[in-house]
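The lines below spell out each chain.
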Amino acid sequence: MSPARRRPARRKAAKPTRRKTTKPGRRPAAAPHPTRAVDGAAEVARVGTALTGEPDFRRGLARLLTGARRITGAEAGTVYLRHGDVLDFAVVQNDVLARRLGEAEVHRRLAARPLSLRETSIASYVVLTRATVNLRDAYQVPLDRPYTLYREVDRTADYLTRSMLATPLRDARGRVFGVLQLINALDGRGGVTAFAEKDQALVQALAAHAARLPVPEPAPATG
């Protein structure tokens, strides 16, 4: 009797590979905001070193603002300089408006009208009181605060300010000569969020390096 023939083993059909698809209405997570620094303390030290011996006052202010934006991931920012009873726009950085209008046009629109210290703007308050202001929503300032958002800037530039952090700038003699103001802190997905307390402390430490800059004479008087 002949041995039984073995049936050939059946091959298991390979399972089809499923492609990962994004569900309708949901977007992949965005990359972290490119301006945010990995180490805020290191950025403060780096900018402080760069400002040592910096001969160009305006360039030094731009370094301060750029460093503050890297620490906080701020979408925009401004440096105001005090001249008597007004604040002038010295440095303006705004990623959204720069892409839409160009940097020169952004500065032209925002710097057209100085801020009077008699107005109840946030920047004026910071200069006169030497206080730091940190707002989650600049359009929802509590009624008991002695300042309000100067909305003309948003209207002029067709922009929307939400979170804001503003801190005074002092010269080597301790006199307040301007304001460093940051606008719209961005989270890892590009959404606007509040400025964290730890970031506020780092920005204040960074602003202290303004004392290394050659503030033009006559130095502005304090309020």
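Refer to the structure above for everything that follows.
Residues numbered from 1 in each chain as written. Predicted model: local features only at pLDDT ≥ 70, side-chain atom pairs only at ≥ 80, totals over all residues. Heavy atoms only, no water.

Explain the packing of aromatic side chains to me, please; I cannot follow it from the model alone.
Geometry of an aromatic ring pair is reported as the spacing of the ring centres plus the angle between the planes. All told, the structure shown has three aromatic pairs when counted by the stated rule. Their ring planes at 55 degrees and their centres at 5.8 Å tell us that F57 and F177 sit as a pair that is tilted. Note that F57 is positioned in helix α2 (residues 57–72) and F177 in strand β6 (residues 176–186), a separation of 120 residues in sequence. For the ring pair Y80 and F89, a centre distance of 4.8 Å and an interplane angle of 55 degrees mean the geometry is tilted. Pair check on accessibility: Y80 and F89 agree, each one buried. (Phe/Tyr/Trp six-rings, centres within 6.5 Å; stacked < 30°, edge-to-face > 60°. Helix = DSSP H or I, 4+ residues; strand = E, 2+ residues; numbered from the N terminus. Buried < 20%, exposed > 50% of the residue type's maximum accessible area, 1.4 Å probe, protein only.)

So what exactly am I meant to see when it comes to the nonpolar core here?
If you look at the biggest cluster of nonpolar residues, it comprises 28 residues, and the most contacted ones within it are Y80, L87, L110, I122 and L135. Only β1 (74–83), β2 (86–94), α4 (103–110), α5 (122–129), β4 (133–135), α6 (152–157), β5 (164–170) and β6 provide two or more residues apiece to this core. Each residue touching L110, except ones within four places of it in the same chain, is listed here: F89, V92, V153 and A157. One finds V47, L81, L165 and L213 within the second-largest nonpolar core, a separate group that totals 27 residues. (Core = buried A, V, L, I, M, F, W, Y, C linked by side-chain atoms within 4.5 Å. Contact = heavy atoms within 4.5 Å.)

How do you make sense of empty space enclosed by the protein when you look at a structure like this?
If a probe the size of a water molecule is rolled over the atoms, the empty space left behind becomes visible. Tallying each qualifying case throughout the model produces one cavity of 30 Å³ or more. Taken as a whole, the largest cavity spans an internal volume of roughly 240 Å³. Lining the largest cavity we find 25 residues, and of these Y80, V153, T161, Q181 and I183 sit closest to its centre. Listing elements by their share of the lining of the largest cavity, those giving two or more residues are β1, β2, α5, α6 and β6. (1 Å grid on protein atoms, 1.4 Å probe; cavity = no way out; pocket = protein on both sides within 12 Å on 5 of 7 lines; lining within 4 Å. Points joined across faces, edges and corners; volume = space filled by probe spheres on them.)

Just checking my understanding: could you explain the packing of helix α1 (residues 40–51) against α2 for this structure?
Each pair of packed helices can be described by the angle between their axes along with the distance between the axes. Their axes nearest at 10 Å, the elements α1 and α2 cross at an angle of 175 degrees. One way to sum up the angle between α1 and α2 is to call them roughly antiparallel. Facing G40, E43, V44, R46, V47, A50 and L51 of α1, the residues of α2 in contact are G60, R63, L64, G67, R70 and I71. Of the residues in the contact of α1 with α2, the class split is six nonpolar, three polar and four charged. (Axes fitted to C-alpha atoms, helices over the stretch in contact; angles between N-to-C directions. Parallel < 35°, antiparallel > 145°, perpendicular 65-115°, else oblique. Nonpolar A, V, L, I, M, F, W, Y, C, P; charged D, E, K, R; others polar.)

I tried to follow the pattern of salt bridges on my own but got confused; where do I start?
Side chains that differ in sign of charge can pair as their charged atoms come close. Using the criterion set out here, one finds 12 salt bridges in the structure. The salt bridge partner of E105 is R108, with a shortest N-O separation of 2.7 Å. In this pair, E105 and R108 are both assigned in helix α4, three residues apart and thus about one turn of the helix distant. A single network of salt bridges, built from pairs that share partners, joins E43, R46 and R70. (Salt bridge = Lys/Arg side-chain N within 4 Å of Asp/Glu carboxyl O.)

What is the right way to read α5 from this model?
Because each turn of an α-helix spans 3.6 residues, side chains separated by three or four positions end up pointing in the same direction. When α5 is considered as a whole, its buried residues turn out to be I122, A123, S124, V126 and V127. Those residues of α5 that are buried lie in contact with β1, β2, β3 (115–116), β4, β5 and β6. A positive phi of about 65 degrees marks R130, the residue just after α5.

Whenever I open this one, the layout of surface pockets confuses me. Can you help?
Each pocket or cavity is described by its volume, and for the largest pocket that value is around 220 Å³. If you list the elements that add at least two residues to the lining of the largest pocket, you get β2, α3 (95–101) and α4. The residue inventory of the lining of the largest pocket, partitioned by class, reads four nonpolar, three polar and three charged.

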